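Coordinate inspection notes
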Amino acid sequence: MARVLHNLFLFLVRLALKIRVWGYWSLIYGYCALCTTAALLKLCWNIVLRPTTTFQWGTRETPPACLNDTSLGTHCYVRIKESGLRFHYVAAGERGKPLMLFLHGFPEFWFSWRYQLREFKSEFRVVAIDMRGYGESDLPLSTESYRLDYLVTDIKDIVEYLGYNRCCLVGHDWGGTIAWLFAIHYPEMVTKLIVLNCPHPSVFTDYTLRHPSQLLKSSHFFFFQLPRFPELMLSINDFKALKALFTSRSTGIGRKGRWLTAEDLEAYLYALSQPGALTGALNYYRNVFSSLPLSHKHVRSPVLLLWGERDAFLEQEMAEACRLYIRNHFRLNIISGASHWLQQDQPDIVNTLIWTFLKEGEGRKSYRN
């Protein structure tokens, strides 16, 4: 009798797991279909309103002058032997100083860290990379090439190529996700972790599944699973959606901080209008659901989490929940009136808070190899 009950229990456990997995993927594909329908309606409405301009967009041929500003650093390239990929990065500060590595988010590139490159080069070797599929870095064609483990390995390879065995790691948005994962899997290589407007991946997963309001704000995750159609929607009307992302009153930069200049915006359009650029950026999303939940979750480095109070994409309650997964000092700063694009929106406040965090505990000497 006991054996029968035991087998029944195991059967029910397996059945519950299968139902949970089925429900998870049903939610993803169902919401994806809903988002697709909404996007199709939007496209049809655009065609009605602007029949001659909807499908007009162009590749920017010449980079704006701000991308060649020598005060930001030197443009460099590295080819990683293991992956065969070439990465572009901008570096400033003396070689041999502690490494501060910056990872950008979607849909950005190294330029999003311009204010921090100038600020921290006095004490650090600052490096802002174009991540795989972005900017002047190589753009693998396969969606499979953007798995989270590959993206994390890219950072390890780049740090080692630069001649370091550890760094102060700074990430925003998708770069924040990779920074969290890198700190989880390579704790010995992260002296301090600084994340801007990006929750711990496990916090994001758990919170989103339990809060419909965040699920709605994350609808782009589901829409971006589709092939080709998201690229079209981001391109129509000469990249109107991308322009709105950075400049609109609801989601854009500068509601209480610095406005994005016309030249700054053109820098983003230059990078994202290149052939295949949008596909590379969107491929990050196309692998995310198969990579969660995480098997390892705890972060053992000191962590600074900076959060814009008026982030249009992420609810603030997730920020405090990140504390559950940190096994070291954790500092959280909510910046009043700031948007999702925190390091560009409020650079002076962000830089001051980073300096304060860097000076805590062991001090700057702990960053030297």
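A quick note: this is a predicted structure, and the numbers were derived from the prediction, not measured.

Here the focus is the overall build of the protein. In terms of helices and strands, the protein carries 13 helices and eight strands. Counting only residues that meet the buried cut, the protein has 54% of its 369 residues in that class. Look at the contacts in the protein between residues 6 or more apart in sequence, and 77% of them connect residues 24 or more apart. Summed over all atoms, the accessible surface of the protein reaches about 17,000 Å², with 58% contributed by carbon and sulfur.

Once that is clear, we can look at the sheet that holds strand E4 (residues 125-129). Read across the open sheet, the eight strands follow the order E1-E2-E4-E3-E5-E6-E7-E8; overall the sheet is mixed. Every interior strand has two partners, whereas the edge strands, strand E1 (74-79) and strand E8 (330-335), have only one. Across this sheet, the average inter-strand angle for adjacent strands is 20°, counted without regard to direction. Both strand E6 (residues 190-196) and strand E7 (residues 303-308) contribute to a ladder of four bridges, which runs parallel. When the sheet's bridge partners are listed, Leu196 is paired in E7 with Leu306. Here helix H3 (residues 148-161) sits on the sheet and contacts E1, strand E2 (86-92), strand E3 (99-103), E4 and strand E5 (167-172); the angle it forms with E3, its principal contact strand, is near 150°. Sheet strands in contact with helix H4 (residues 174-185) are E3, E5, E6 and E7, and its direction is about 145° off that of E5.

Attention now goes to the packing of H3 against H4. Relative to each other, H3 and H4 sit at 80°, their axes nearing to 9 Å. By the criterion of interaxial angle, the relationship of H3 to H4 is roughly perpendicular. Together, Leu148, Leu151, Val152, Ile155 and Lys156 of H3 and Trp174, Ile178, Leu181 and Phe182 of H4 make up the contact between the two elements. When its residues are assigned to classes, the contact of H3 with H4 shows eight nonpolar, no polar and one charged.

All chains considered together, the criterion is met by 24 aromatic pairs. Between Phe222 and Phe289, the aromatic rings sit 5.3 Å apart at their centres with planes inclined by 35°, giving tilted as the arrangement. Linking Phe222 in helix H7 (residues 219-223) with Phe289 in the loop between helix H10 (277-282) and E7, this pair joins segments that are 67 residues apart in sequence. On the basis of relative accessible area, Phe222 is assigned to the buried category, the value being 4%. Measuring from ring centre to ring centre gives 6.0 Å for Phe223 and Phe224, while their planes differ by 45°; the resulting arrangement is tilted. A single burial state applies to Phe223 and to Phe224, both of which are buried. Put simply, the rings of Phe106, Tyr134, Tyr146, Trp174, Phe204, Phe221, Phe223, Phe224, Phe229, Tyr284 and Tyr285 touch in pairs and so form one group of aromatic residues.

Each value, and the rule that gives it
Positions within a chain are numbered from 1, following the residues in the order the chain's sequence is written. At least 70 in pLDDT is required for a residue's local features to be given in this predicted model, at least 80 for side-chain atom pairs to be given and counted, and no such filter applies to totals for whole chains, interfaces and linings, which use all residues. Hydrogens and water are ignored here; the side-chain numbers use all heavy atoms of the structure. In DSSP terms, a helix is any run of H or I states spanning at least four residues, a strand is any run of E spanning at least two, and both are numbered starting from the N terminus. Note on classification: 1.4 Å probe, protein chains only; a residue is buried when its accessible area is under 20% of the maximum for its type, exposed when over 50%, partly exposed between these limits. We call two residues in contact whenever any of their non-hydrogen atoms come within 4.5 Å of each other. Per-residue and other accessible areas follow the Shrake-Rupley method at a 1.4 Å probe size, with only the shown protein chains counted as cover for residues. We call two strands paired when DSSP finds no fewer than two bridges between them. Every angle, taken between N-to-C directions, lies between 0 and 180 degrees, and every axis is a line fitted to C-alpha atoms, over only the stretch in contact when it is a helix. Under this scheme an angle from 65 to 115 degrees is roughly perpendicular, one under 35 degrees roughly parallel, and one over 145 degrees roughly antiparallel; angles in between are oblique. Nonpolar residues are Ala, Val, Leu, Ile, Met, Phe, Trp, Tyr, Cys and Pro. Charged residues are Asp, Glu, Lys and Arg, and all others, Gly as well, are polar. Two rings from Phe, Tyr or Trp (for Trp, the six-membered ring) form a pair when their centres are within 6.5 Å of each other. A pair whose planes differ by under 30 degrees is stacked, one over 60 is edge-to-face, and the rest are tilted.

Shape is all these values report; function is a separate question.
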